[in-house]
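# Observations on the three-dimensional arrangement
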Amino acid sequence: MAAVTDVGSGLPGVGESPAVQLESVTKRFGDFTAVDDISLSIEENRFFALLGPSGCGKTTTLRMIGGFEETTSGIIRLHGEDVTGRKPYRRMVNTVFQSYALFPHLTIFENVAFGLRRRDVAPAEIKQRVGEMLELVQLTGRESQKPRTLSGGQQQRVALARALINQPRVLLLDEPLGALDLKLRKEMQIELKRIQNEVGITFIHVTHDQEEAMTMADTIAVMHQGRIERMGTATEIYEDPRTGFVAGFLGASNLMHAEVVDAFAGEVALAQGVRLRVSPDRLPAGGKQVRLGVRPEKIRLASVDSPMEGNALEGRVVDASFIGVSTHYLIETGALAQLAVMAQNLEDRRFAPGDRVQAVWRPEHTFIVT
Amino acid sequence: MSAVAREAPPTARRATWRRKLVPYGLLLPGGVWLIVFYVVPMLRLVSVSLQSGIFPRYRFAWAWSNYAELVTNYGGQAVNSLVYAFLATAIALLIAYPLAYFIAFRGGRWKNFLLVMLLMPFLMPFLLRTLSWKIILADNGLVVDVLRAVHLLGEDGRLLATGVAVVAGIVYNFLAFMTLPIYVSLEKIDRSLVEAANDLYASPTVAFRKVTFPLSRPGVVAGTLLTFIPAVGDYVNAVLLGTPQQFMIGNVIQSRFLVVLDYPVAAALSFTLMIVTVLLIIPYVRAAGTEDLVA
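It should be emphasised that the depicted structure is a prediction, and the values quoted were computed from it without experimental measurement.

We now examine the overall build of chain B. Broken down by element type, chain B carries twelve helices and two strands. The order of helices and strands in chain B, counted from the N terminus, is α-β-β-α-α-α-α-α-α-α-α-α-α-α. Relative to its length of 295 residues, chain B is extended, with a C-alpha radius of gyration of 25 Å against a globular reference of 19 Å. Structurally, chain B occupies a C-alpha span of about 95 × 65 × 35 Å along its principal axes.

According to the domain assignment, chain B contains domain 1 (2–38) and domain 2 (75–294). Centre-to-centre separation of domain 1 of chain B and domain 2 of chain B, based on C-alpha positions: 42 Å.

What follows deals with unusual backbone geometry. The amide bond that connects B:Phe55 to the next residue, B:Pro56, takes the cis arrangement and shows omega of 0°. Looking at where B:Pro56 falls in the secondary structure, it is placed in the loop between strand E1 (51–54) and strand E2 (57–60). Phi at A:Gln225 takes a positive value of approximately 50°, unusual for a residue other than glycine. Here A:Gln225 lies in the loop between strand E9 (219–224) and strand E10 (227–232). A positive phi angle, near 70°, is found at A:Arg242, a position not held by glycine. Its place among the elements puts A:Arg242 in the loop between helix H8 (234–239) and helix H9 (244–249).

So, about the sheet that holds strand E2 (residues 32–42) of chain A. Residue and element names in this part refer to chain A. Here we have four strands laid out as an open sheet, ordered E2-E1-E4-E5, and antiparallel in their pairing. In this open sheet, the two strands that pair with only one neighbour each are E2 and strand E5 (81–82). Relative to E5, strand E4 (residues 73–78) runs antiparallel, the two being bridged by two bridges. Directly across from Leu-78, in E5, lies its bridge partner Glu-81.

Below, the discussion takes up the nonpolar core. One finds A:Val112, A:Ala161, A:Val170, A:Leu171, A:Ile204, A:Ile220 and A:Val222 to be the most contacted residues of the largest nonpolar core, which totals 91 residues. At six residues, the largest contribution of residues to this core is made by helix H5 (residues 152–164) of chain A. Beyond its immediate sequence surroundings of up to four residues, A:Ile220 is in contact with A:Ala49, A:Leu51, A:Ala213, A:Met214, A:Met231, A:Gly232, A:Ala234 and A:Ile237. B:Val48, B:Val166, B:Ile253 and B:Ala267 belong to the second-largest nonpolar core, a separate cluster that totals 51 residues.

Below, the discussion takes up the sheet that holds strand E17 (residues 326–333) of chain A. The strands that make up a sheet are held in pairs by hydrogen bonds between backbone atoms, and each pair lies either parallel or antiparallel. Residues and elements named next belong to chain A. On the basis of which strands lie adjacent, the open sheet formed by five strands has the order E15-E19-E16-E17-E18 and antiparallel pairing. The sheet is open, and its two borders are formed by strand E15 (300–303) and strand E18 (338–344), each paired with just one other strand. For this sheet the average axis-to-axis angle between neighbouring strands, irrespective of direction, equals 45°. Pairing analysis gives four bridges linking E15 to strand E19 (residues 356–361), with the strands arranged antiparallel. For Ala-302, the partnering residue across the bridge sits in E19 and is Gln-358.

Turning to the domain arrangement of chain A, a few remarks are in order. Once the domains are mapped, chain A shows domain 1 (2–7 + 14–239) and domain 2 (252–369). Summarising the inter-unit geometry, the C-alpha centres of domain 1 of chain A and domain 2 of chain A are found 40 Å apart.

Turning our eyes to something else, we now look at the packing of helix H3 (residues 108–118) of chain A against H5(A). All names here are of chain A. One way to put it is that H3 packs onto H5 with a least axis distance of 7 Å and a crossing angle of 30°. The angle between H3 and H5 falls in the class roughly parallel. Seen along the crossing, H3 lies across H5 with a hand that is right-handed. Of H5, the residues touching H3 (which contributes Ile-108, Asn-111, Val-112, Phe-114 and Gly-115) are Val-158, Ala-161 and Arg-162. A breakdown of the residues in the contact of H3 with H5 according to their chemical character gives five nonpolar, two polar and one charged.

Now for the interface of chain B and chain A. Across the contact, 15 residues belong to chain B and 16 residues belong to chain A. Of all the secondary-structure elements, those providing two or more residues to the side of chain B that touches chain A are helix H7 (191–199) and helix H8 (204–233) of chain B. With six residues, the single largest contributor to the side of chain B that touches chain A is H7(B). Of the residues assigned to the side of chain B that touches chain A, the class counts are nine nonpolar, three polar and three charged.

Attention now goes to the pairing of strand E6 (residues 93–96) of chain A. Residues and elements named next belong to chain A. Neither face of E6 is open: one carries Val-93 and Thr-95, the other Asn-94 and Val-96, and all of them are buried. As paired elements, E6 and strand E7 (residues 170–174) share four bridges and run parallel to each other. For Thr-95, the partnering residue across the bridge sits in E7 and is Leu-172.

Residue and element names in this part refer to chain B. Structurally, the position occupied by Ala-168 is in helix H6 (residues 163–187). Note on Ala-168: 22 C-beta atoms within 10 Å, which makes it buried. Once the C-alpha coordinates of Ala-168 and Thr-130 are considered, the two residues, 38 residues apart in sequence, prove to be 9.8 Å apart. Not counting chain neighbours up to four residues away, the residues in contact with Ala-168 comprise Trp-133 and Leu-137.

Residues and elements named next belong to chain B. Between helix H2 (residues 65–106) and H6, the shortest axis-to-axis distance is 6 Å and the interhelical angle comes to 40°. What the angle tells us is that H2 and H6 run oblique. In the crossing of H2 with H6, the sense of the turn from one axis to the other is right-handed.

Quick look at the environment of A:Gln145 now. Residues and elements named next belong to chain A. With respect to the helices and strands, Gln-145 occurs in the loop between helix H4 (123–136) and H5. Residue Gln-145 is classed as partly exposed on the basis of its C-beta count, with 15 C-beta atoms lying within 10 Å. For the pair Gln-145 and Glu-110, spaced 35 residues apart in sequence, the C-alpha to C-alpha distance is 9.9 Å. With near-sequence residues (within four places) excluded, Gln-145 lies in contact with Thr-107, Ile-108 and Leu-150.

The rules behind each value
Residues numbered from 1 in each chain as written. Chains lettered and ligands numbered in written order. Predicted model: local features only at pLDDT ≥ 70, side-chain atom pairs only at ≥ 80, totals over all residues. Helix = DSSP H or I, 4+ residues; strand = E, 2+ residues; numbered from the N terminus. Rg over C-alpha atoms; globule rule 2.2 N^0.38 Å. Domains from an automatic or database assignment. Pairing = 2+ DSSP bridges. Core = buried A, V, L, I, M, F, W, Y, C linked by C-beta atoms within 7 Å. Buried ≥ 20, exposed ≤ 12 C-beta atoms within 10 Å, placed from the backbone. Contact = placed C-beta atoms within 7 Å. Axes fitted to C-alpha atoms, helices over the stretch in contact; angles between N-to-C directions. Parallel < 35°, antiparallel > 145°, perpendicular 65-115°, else oblique. Left-handed = near helix turned anticlockwise from the far one by under 90°. Nonpolar A, V, L, I, M, F, W, Y, C, P; charged D, E, K, R; others polar.

Right, dumping it as C-alpha cells:
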C-alpha cells in the first residue's frame with residue numbers, strides 16, 4: 001500500500017505520464033471477445049467518456065482498469081505504473097457503481113468513511129473529511145441515516161462521496177446516472193462536471209447515452225464490438241464521425257454512396273451523376289468508392305427555382321412533422337432513398353408533403369465514413 | 001361529472017371498509033389456529049402445572065412445588081439440555097456457514113443440485129436417520145476405529161452412548177435448518193457490495209468481516225434459533241444415541257407425561273423449559289439486532 005501512495009510525489013517524471021494507459025488490452029470470456037486489443041491514453045485531469053451501446057465492451061474495459069476483471073492480455077498503467085495483475089484493493093482508483101452498491105447496513109457517514117477506515121486514518125481526520133465530502137455533494141446532515149432512506153439522486157451522491165474521499169488518482173463511473181429520471185440526470189450531469197472541476201481528478205465515465213457523454217466529457221471514445229471506433233472531443237466526433245457506426249450512434253446521419261471524381265478538388269459523384277463537394281482533406285487517399293454523410297440539421301430546404309450554392313439535391317417532401325423546436329422532413333431524392341432534414345423554424349416558408357424542394361448544405365458539413 | 005361525483009362516496013366508503021377488513025380477514029385462519037392450538041393448550045398447561053394429587057385425580061391446588069422438582073430432581077437433565085443444545089448449535093453454525101457460503105457464492109450452475117442434496121436426507125424418516133448414526137458411531141465402526149488409531153480415543157473409548165454421539169445426532173438432524181436461512185441471506189447479497197468493499201481497500205477477509213457477514217446476520221440469527229429452540233427440547237437423539245446419563249429435559253417430560261402419567265410435574269417442566277428458552281433468546285436477538293431480523 002505504501003508503495004502505491006509514494007509514487008505520485010516521490011518518483012521523477014511521474015507527473016508527465018498519463019493518468020491511465022491501456023496497451024493492447026484484450027479480454028475474452030470463453031469464445032467471446034469483449035474487449036479487442038484496445039490501446040488508449042488518458043491524460044491527467046480529464047473527463048473521459050467511454051460511450052457505446054450495451055455489449056460493446058465499455059464496462060468490461062472500466063472493470064479491468066478498476067481491477068475487477070483480469071485482462072486476457074495487454075498492460076494497464078496508472079500514472080506510468082504497471083498495475084495489470086493488481087487486486088482492486090491495491091489500486092489507487094475508486095469506482096462509482098451502476099447500482100451505487102452502498103452498504104445497506106451502514107450509515108451514510110460509515111459508507112463514506114469506509115475507505116478511510118480501511119487505511120487506518122485517524123478518527124478525527126475521518127470525521128473532518130467525511131464532513132467536507134458530504135458538503136461537496138450537498139448531503140450535510142444526513143450522516144446518521146441509512147442509505148435506503150435516501151432518494152436515488154442522493155444515494156448517487158453518497159456513492160460519489162464514498163469514492164472521492166479516498167482522493168483516488170482516477171475515478172471510474174459505471175453508468176452512474178442510469179437509474180435516475182431524466183430531470184435528475186440532467187442536474188447530476190452538471191453536478192458531476194462541477195465536482196470534477198473542483199477536485200481535479202481524472203474521471204472515466206462509462207455511458208450509453210451520447211448526450212450525457214457530450215455534456216460532460218472533454219474526450220469521448222466511442223466503442224463498438226470491443227474496439228474503439230473513434231476518439232476525440234464531442235465536436236470532433238460529431239462533425240467528423242469517420243465510421244458509419246459512429247455517425248449513426250452519435251446523432252442521426254444521412255449516408256450515401258459516392259464515387260470520387262476529383263480527389264484534389266474534393267469532388268464526388270452520386271449514383272445518378274449528381275456532383276457534390278467535400279473537404280478534400282477528408283477524402284481517403286487512393287479510395288475510389290466512398291460513403292459520405294451529412295447531419296439532418298445541417299441541411300436547408302429551398303424551393304427548386306432559387307439559385308443555391310454548395311451541395312444540393314433535388315427531391316420531393318414525403319413527410320413533414322412539426323415538433324416545436326424544429327420541423328422534421330423526409331425528402332425523397334433520386335440519389336438515395338430518403339433524406340432526413342431537420343429545419344429550425346426560423347424561416348416563414350414551411351414545406352408540405354408533395355412539394356418539390358432542393359436540399360442544400362455546405363461542402364464542409366459533408367463527412368466521409370468507412 | 002357532478003352526478004358521478006355525488007354517487008361515488010357510498011361505493012368508496014364500502015371499498016375503504018373492505019380494504020380495512022381484508023388484512024384482518026387474512027389474519028383470521030392463522031389467528032384461530034394460534035388460539036385453538038397454542039393459547040388454549042398453553043393456559044391449560046399452566047393450570048395443570050399447578051395441580052396436585054394422584055393419577056387420575058389431579059386437582060388445581062397452586063402446587064408450586066411441581067416447579068421445584070426441576071431443580072431438586074432433574075437439574076442434571078436440564079444442564080444436559082442446555083449444554084448439548086448450545087454445543088450443537090455452535091457446531092452446526094460452524095459447518096453450515098461455510099456450506100451455505102459455498103453454495104451461494106461458488107455454487108454456479110450446481111446451486112440447485114447442491115440445495116437438493118442438502119435436503120435429501122429429509123426424505124428419510126427422522127428416526128431412521130438418527131438410528132443410522134448408531135451404525136456410524138458404533139464401537140466397531142469406522143469412525144471409532146480411526147479415532148482409536150490416531151489416539152484421539154483410548155483403547156476402549158467409545159462414541160456411542162456418550163454426549164458426543166447425542167450432540168452429533170442433534171447437529172446432523174438440524175443442519176439444514178441452520179444452513180437454509182444462512183444460504184437465503186447470503187444469496188440475496190448484491191455481489192457489487194463486495195466489489196465496492198474491495199474497491200475501498202478492503203481485502204477479501206476484511207470485506208467478509210465488514211460487509212458479507214453483517215449482511216448475512218439475519219440468516220445466522222434465524223438459523224441458530226431454528227436449531228437451538230428445538231434442540232433444547234429434543235429427546236430422540238438422547239434416547240437413541242445416548243444413555244440415561246445423557247438424558248435431556250425432553251426425556252424427563254416425555255416419561256412424566258407418557259410413562260409415569262405425572263401430568264402436573266410434566267406440565268411444570270414444559271412451561272419452565274419454554275420460559276427459560278425465551279429468556280435465553282431475548283438477549284441474543286437483541287444483541288444480534290432485531291432490526292436485522294425484520295429488515
